[in-house]
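Residue-level listing of the chains:
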Amino acid sequence: VMETVKRLREEYDLTVVMITHHMSEAAQADRVIVLDKGSIYLDGTPSEVFSDPERLSQIGLTVPNATLLLYNLRKLGADVPLDAFGDERCANAIYDWLNEK
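Report follows, based on the coordinates. (Residues numbered from 1 in each chain as written. Predicted model: local features only at pLDDT ≥ 70, side-chain atom pairs only at ≥ 80, totals over all residues. Heavy atoms only, no water.)

1. A look at the overall build of the protein
In step 1: Check the secondary structure of the protein and you find 6 helices and 2 strands.
In step 2: Walking the protein from its N terminus toward its C terminus, one meets helices and strands in the order α-α-β-β-α-α-α-α.
In step 3: Its C-alpha atoms give the protein principal-axis dimensions of about 45 × 35 × 20 Å.
In step 4: For the protein, the residues scored as buried account for 32% of the 101 residues in total.
In step 5: When contacts within the protein are restricted to residue pairs at least 6 apart in sequence, long-range pairs at least 24 apart make up 21% of them.
In step 6: In the structure as shown, the protein presents an accessible area of about 7300 Å², 50% of it carried by carbon and sulfur atoms.
In step 7: For the protein, the distance from the average site of its 10 positive side-chain charges to the average site of its 17 negative ones is 4 Å. (Helix = DSSP H or I, 4+ residues; strand = E, 2+ residues; numbered from the N terminus. Buried < 20%, exposed > 50% of the residue type's maximum accessible area, 1.4 Å probe, protein only. Contact = heavy atoms within 4.5 Å. Areas by Shrake-Rupley, 256 points an atom, 1.4 Å probe, with all protein chains shown as cover. Lys, Arg positive; Asp, Glu negative; His and termini not counted. Charge placed at Lys NZ, Arg CZ, Asp CG, Glu CD.)

2. Brief notes about the pairing of strand β2 (residues 39-44)
In step 1: As judged from the 5 bridges shared by strand β1 (residues 32-36) and β2, these two strands associate in the antiparallel manner. In the strand pairing of β2, D36 is matched with S39.
In step 2: Connecting β1 to the antiparallel partner β2 that follows it, the hairpin turn spans 2 residues, and K37 within it adopts a positive phi of roughly 55°. (Pairing = 2+ DSSP bridges.)

3. Here we look at the nonpolar core
In step 1: One finds V32, V34, L42, V49, F50, L56 and L61 to be the most contacted residues of the largest nonpolar core, which totals 13 residues.
In step 2: Put simply, the parts of the chain that give this core at least two residues each are α2 (23-26), β1 and β2.
In step 3: Once residues lying within four places of it in the same chain are set aside, the contact partners of L56 are V34, L42, V49, F50, L61, T62 and V63.
In step 4: Listed in part, the 12 residues of the second largest apolar core include Y71, A78, V80 and A84. (Core = buried A, V, L, I, M, F, W, Y, C linked by side-chain atoms within 4.5 Å.)

4. Focus: the environment of V32
In step 1: Relative to the helices and strands, V32 resides in strand β1.
In step 2: Given a relative accessible area of 8%, V32 falls into the buried group.
In step 3: Considering only alpha carbons, one finds V32 and L14, 18 residues apart in sequence, at a separation of 17 Å.

5. With respect to the pattern of salt bridges
In step 1: The tally for this structure, following the rule as stated, stands at 4 salt bridges.
In step 2: In this structure, D43 engages R31 in a salt bridge whose closest nitrogen and oxygen atoms are separated by 2.7 Å. Of this pair, D43 sits in strand β2 while R31 is found in the loop between α2 and β1, placing the two residues 12 residues apart along the sequence.
In step 3: One salt bridge in this structure joins K75 and E54, with 3.5 Å as the shortest N-O distance. Taken together, the residues K75 in helix α5 (residues 65-75) and E54 in helix α4 (residues 53-57) connect sequence positions 21 residues apart. (Salt bridge = Lys/Arg side-chain N within 4 Å of Asp/Glu carboxyl O.)

Structure below.
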């Protein structure tokens, strides 16, 4: 479904509004708006919204698994980006960080 949405956006220059509870889908968006009890709780790019997993957990949401891994590595002192969404980008970010040491 996400590939179809991406193709339609590119081919027809469409704006697509999606509603999802799947953070991995939200991470592919240009903009993410998080609602809590009908009010805007967070609004920004996926990098901005997912940069604080603890804040999202306050309203019962999580971040993509790759982001949570990178977030926990950062808490341990690793200089890894939080916006490496997806397994491959996350793995590459960790690989790059390890090779810099």
